[in-house]
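What follows is the residue order along each chain.
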Amino acid sequence: MPINWFPGHMNATRQAIKDRVKAGLDVVIELLDARLPGSSSNPLLASLTTGRPSLKVLNKQDLADPLITGEWLAHYNAQPHTRAIPLDAGERSPARALIAACRELAPGRGDLHKPLRVLICGIPNVGKSTLINTLVGKRAAKTGDEPGITKTEQKIVLENGFYLFDTPGMLWPRIAIEQSGYHLAASGAIGRNAFDEEEVALELIAVLKRRYPDRLKERYGLTDLGEDDAILEAIGVKRGAKVRGGAVQMHKAAEALLMDFRQSLLGRITLETPVEMTAWHQAAAEAEARKAAQREAEKAADKARRSGRRAESSGDA
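A short tour of the structure in this document, coming up.

Rules of the game
- Along each chain, residues carry numbers from 1 onward, in the same order as the chain's sequence is written.
- Whole-chain, interface and lining totals are the exception, using all residues; otherwise, since this is a predicted model, local features are given only for residues with pLDDT of at least 70 and side-chain atom pairs are given and counted only at 80 or more.
- Only hydrogens and water are set aside when side-chain values are computed; all heavy atoms of the structure are taken into account.
- Note on definitions: the grid is 1 Å and covers protein atoms alone; a cavity is a set of points where a 1.4 Å probe fits but cannot get out; a pocket is an open set with protein on both sides within 12 Å along at least five of seven lines; lining residues have an atom within 4 Å of a point.
- Grid points are joined across faces, edges and corners, and a volume is the space filled by probe spheres set on the points.
- Runs of E in the DSSP output that reach at least two residues are strands. Runs of H or I that reach at least four are helices, and both are numbered from the N terminus.
- Exposure classes here rest on a 1.4 Å probe applied to the protein chains alone. A residue is buried below 20% of its type maximum, exposed above 50%, and partly exposed in between.
- We call two residues in contact when some of their heavy atoms are within 4.5 Å.
- Each residue is assigned to one of three groups, with Ala, Val, Leu, Ile, Met, Phe, Trp, Tyr, Cys and Pro labelled nonpolar, Asp, Glu, Lys and Arg labelled charged, and all others, Gly among them, labelled polar.
- For two strands to count as paired, DSSP must find a minimum of two bridges between them.
- Axis geometry follows a simple rule: fit a line to the C-alpha atoms, using only the stretch in contact for helices, then measure angles between N-to-C directions, giving values from 0 to 180 degrees.

To find leftover empty space, one rolls a probe the size of a water molecule over the atoms. Within this model, the largest pocket holds a volume of roughly 580 Å³. Looking at the largest pocket, it is lined by 33 residues, and the ones nearest its centre are Ser-41, Asn-42, Pro-43, Ala-46 and Lys-56. Looking at the lining of the largest pocket, the elements with two or more residues in it are β1 (27-33), α2 (43-48), β2 (54-59), α3 (66-77) and α11 (274-316). By residue number, the principal contributor to the lining of the largest pocket is α11, which donates 5 residues.

In structure tokens form, the structure reads like this:
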């Protein structure tokens, strides 16, 4: 699914991260959505902060499947210079664990002479502002349920010798993995004008059928699960998404399903595993390599045609 959403302030965020790295940075906190950890991990951020220790925070863990969250924690903790912890941004005690984790990643820093400089990043609507407010105990950052609330970098002193730099939520210009596009859209990380809600809802149904079929049946009173579009239509009937004459408004049915997922009314759900994400990355890389090879072949063919025309012109002369 093509995603066309990269507002101008995200370019500003990218530059702000570059400037922060140049000015000095000890740890990067990347806030991930525990329901889609791989899809919510920003490859652009990784390229901008290469070489810095990373703390992966699986936020909204109370909405995610705990077993799969365990798989993701093991996956990230096995990576060098990386730690991963689960978190519910609204709970103060787990949030304070961030400070301890950052100190472990950057030993020797964290006093007034050598302050610990931490950058916190995340995709839009992942709960970063709520987490920061929890950390400082007051409303330090704007919050909301729409992506793109934070617009400028903020410097926050969490405690003596610990500086937290907050940046606006940032996506990346092109989402290469199709499944990630669907998962990000389903979670609410992408502005609703950038995708087709019915298409996203059908992809969500496909995941739920495979991994959580009983949740679908229980929530919408279904006795069996048939084709994905038939399930979406049944959801529309259950939720009263009809027009005069009894026809189901599929768009309204899609909105209802996506809202139920975002509000965790279907239970604790995770859309992807580390194994799946690794396979998607590999498939995307192979597809990109094929496209690059095709482009090179087309360039070579075009060059050969131009060379042939020049040779013909020389012969005619």
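Moving on from the model shown.
The next subject is the environment of Arg-35. When you line up the elements, Arg-35 lands in the loop between β1 and α2. Relative accessible area serves as the criterion here: at 2%, Arg-35 is assigned to the buried category. The spatial distance from the C-alpha of Arg-35 to the C-alpha of Thr-270 is 4.1 Å, given a sequence separation of 235 residues. Setting aside residues up to four positions removed in sequence, Arg-35 forms contacts with Lys-60, Leu-63, Ala-64, Ser-187, Phe-261, Arg-262, Ile-269, Thr-270, Leu-271 and Glu-272.

Here the focus is empty space enclosed by the protein. The tally for this structure, following the rule as stated, stands at 1 cavity of 30 Å³ or more. The computed volume of the largest cavity comes to approximately 50 Å³. What lines the largest cavity is simply Thr-13, Ile-17, Glu-30, Asn-42, Leu-45, Cys-121, Gly-122, Ile-123, Thr-167, Pro-168, Gly-169 and Met-170. When the residues that make up the lining of the largest cavity are grouped by side-chain class, the tally is 6 nonpolar, 5 polar and 1 charged.

With that out of the way, let us pick up the sheet that holds strand β6 (residues 162-166). In spatial order, the strands read β3-β2-β1-β4-β6-β5; together these 6 strands make up an open sheet with mixed pairing. Two strands in the sheet have a free side with no partner beyond their single neighbour: β3 (82-86) and β5 (154-159). Averaged over all pairs of adjacent strands, the angle between strand axes in this sheet comes to 25 degrees, irrespective of strand direction. Sheet strands in contact with helix α5 (residues 128-136) are β1, β4 (116-122), β5 and β6, and its direction is about 145 degrees off that of β4.

Keep in mind these numbers describe shape, not what the thing actually does.
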